[in-house]
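Per-entry structural report
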Amino acid sequence: MPVYLDYAATTPVDPRVADLLGRHLTQEGIFGNPSSSTHHFGQRAARAIEVARAQVAGLLNADAREIVWTSGATESNNLALRGAMRAHRRQGRHLITGKTEHKAVLDVCRRLEQDGYSVTYLDPEPDGSIALERLAAALRPDTALVSLMHVNNETGVVQDLDAIGALTRSRGVLLHVDAAQSAGKLPIDLRACAIDLLSLSAHKLYGPKGVGALFVRQRPHRVRLEPLLYGGGQERGLRAGTLPTHQIVALGEACRIAQAEMGDDRARLQTLRERLWQGLAGSGAILNGHPEKHWPGILNVSFSGIAAEALLADLPEIALATGSACTSGTAEPSHVLRAMGCDAARARGAVRFSLGRFTTPAEIDYTLRAVCAAVARLRVLSPFCASDTADATRSIDWGAPASTTFEGRAGVLVDELWRSDGR
Ligand SMILES: *Cc1c(COP(=O)(O)O)cnc(C)c1O
């Protein structure tokens, strides 16, 4: 039975959302260009978009006028960081972020450095949290912006945004938050919390891919942004381009559902995560991340002496991740885990289980049985018989016919692990 435990990479669209999306495509539905304000078709589309804007704002306790549509969290992060740094360049050209951020923030920072801005990359604590004192010490008179994520996409570690916001606000520095993994999952109150810019993505909260939003604070002060795209002047000139009505109403509906069901979803995930963690810990897994400050939908663990790629290759029917989906496929161990101080072997052994709205207890039990069996098989390849991995693999009775490819791959990966560990 195929099991999907990669909700942090993307979520399936909720059927209620898909239904609404479909009704904004065809001639019978609301298909007009929302900028065509002179006729009924355009007006209906514009109204649907404003309903969605209020739904997104409602989820975040923001004002609808503070929501700008984008193509996803990557674009929201680009618009927030590049847009704010350029608009505030007279105030300062220094930006602070964390080493455990998503590439959609880190790569923007690299680009800003090439453009003459300076960036401080904060080290996390070993549990993945950003220490407030470390952030305070990094603030400079020319710091214009701090960008930190809410929930980390690899470890599920949650940052304390209230404390971070209080600090940045007191120093007159803007705060951007990448909330792609937390929006619709953890409560976010933008009237209470001093966040100036916040990115979210529909496909991480049971909406479609290709649409997202950026919260841009208008009260008590207006955050200025320089746009990335110029054109028809949509979104008050901040983001040109015909608005994709079907995508936007879907994001709005996804936010409405998330707000209504957040408490139940979270309680259910907490139970499933506990069941998964107890089972994995019994099999020798060690937790990567914070023991308490975590979102229950993401569990990241390492099995000592086992390469994550080998484990995943042995479990083709279960969708898991090593590192993050955006960087997997490269041989690089996760930048997040390395920043948290994990050695190369532990980082290469890290497996991310991410659960969501449609995960069942039966799926967790099936996964536990399969993972624990695979771990036991792979343990035979672990350091004890390392002097000759190839001989060791040959001497084992693998049983399953599919094991040939796995055998070869696992042998190579274990060798590689050892070399990188300096042995
Ligand atoms: C998925 C993700 C992104 C990228 O979002 P897209 O909508 O796919 O561009 C950015 N940041 C984090 C933390 C994410 O999890």
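Residues numbered from 1 in each chain as written. Predicted model: local features only at pLDDT ≥ 70, side-chain atom pairs only at ≥ 80, totals over all residues. Heavy atoms only, no water.

1. What about the site of the ligand?
Near the ligand the following residues occur: Gly72, Ala73, Thr74, His102, Met149, Asn153, Asp178, Ala180, Gln181, Ser201, His203 and Lys204. Threonine 74 is positioned such that a nitrogen or oxygen atom in its side chain is 2.5 Å from an oxygen atom of the ligand. At 2.7 Å from a nitrogen atom of the ligand is found a side-chain nitrogen or oxygen belonging to aspartate 178. In isolation the ligand exposes 390 Å². Once the protein is present, 88% of that is buried. Taken together, the residues of the shell around the ligand break down into three nonpolar, seven polar and two charged. (Near = heavy atom within 4 Å. Polar contact = N/O pair within 3.5 Å; in protein donor to acceptor, adjacent residues only side chain to side chain. Areas by Shrake-Rupley, 256 points an atom, 1.4 Å probe, with all protein chains shown as cover. Nonpolar A, V, L, I, M, F, W, Y, C, P; charged D, E, K, R; others polar.)

2. Quick word on the confidence of the model for the protein
When pLDDT is averaged along the protein, the result is 89; 88% of the residues meet or exceed 70. Low pLDDT, under 50, characterises residues 384-423; the stretch is placed with 39 contacts to residues that sit more than four places away or in other chains. (pLDDT = per-residue confidence, 0-100. Contact = heavy atoms within 4.5 Å.)

3. A closer look at the packing of aromatic side chains
Going through the model one piece at a time under the given rule, you end up with four aromatic pairs. Considering the side-chain rings of tyrosine 206 and phenylalanine 358, the 5.7 Å spacing of their centres and the 90° angle between planes classify their relative orientation as edge-to-face. Taken together, the positions of tyrosine 206 in the loop between strand E7 (197-201) and strand E8 (212-216) and phenylalanine 358 in the loop between strand E12 (350-354) and helix H11 (361-379) put the pair 152 residues apart, joining distant regions of the chain. Tyrosine 206 sits in the buried class, given a relative accessible area of 7%. Taking the relative accessible area as the measure of exposure, phenylalanine 358 reaches 35% and is therefore partly exposed. Cluster of aromatic residues (ring-pair linked, three or more members): Tyr4, Tyr7, Tyr206 and Phe358. Directly above the aromatic system of tyrosine 117 lies the positively charged group of arginine 93, at a separation of 4.5 Å from the ring centroid. Directly above the ring of tyrosine 121 sits arginine 110, whose terminal nitrogen or CZ lies 4.6 Å from the centroid. (Phe/Tyr/Trp six-rings, centres within 6.5 Å; stacked < 30°, edge-to-face > 60°. Helix = DSSP H or I, 4+ residues; strand = E, 2+ residues; numbered from the N terminus. Buried < 20%, exposed > 50% of the residue type's maximum accessible area, 1.4 Å probe, protein only. Lys NZ or Arg CZ within 6 Å of the ring centre and 35° of its normal.)

4. Topic: the packing of helix H3 (residues 73-87) against helix H4 (residues 103-114)
At a minimum axis distance of 9 Å, the contact between H3 and H4 shows a crossing angle of 30°. Relative to H4, the element H3 is oriented roughly parallel. In the packing of H3 onto H4, the handedness of the crossing is right-handed. Residue-level contacts link Thr74, Asn77, Asn78, Leu81, Arg82 and Met85 of H3 to Ala104, Val105, Val108, Cys109 and Leu112 of H4. (Axes fitted to C-alpha atoms, helices over the stretch in contact; angles between N-to-C directions. Parallel < 35°, antiparallel > 145°, perpendicular 65-115°, else oblique. Left-handed = near helix turned anticlockwise from the far one by under 90°.)

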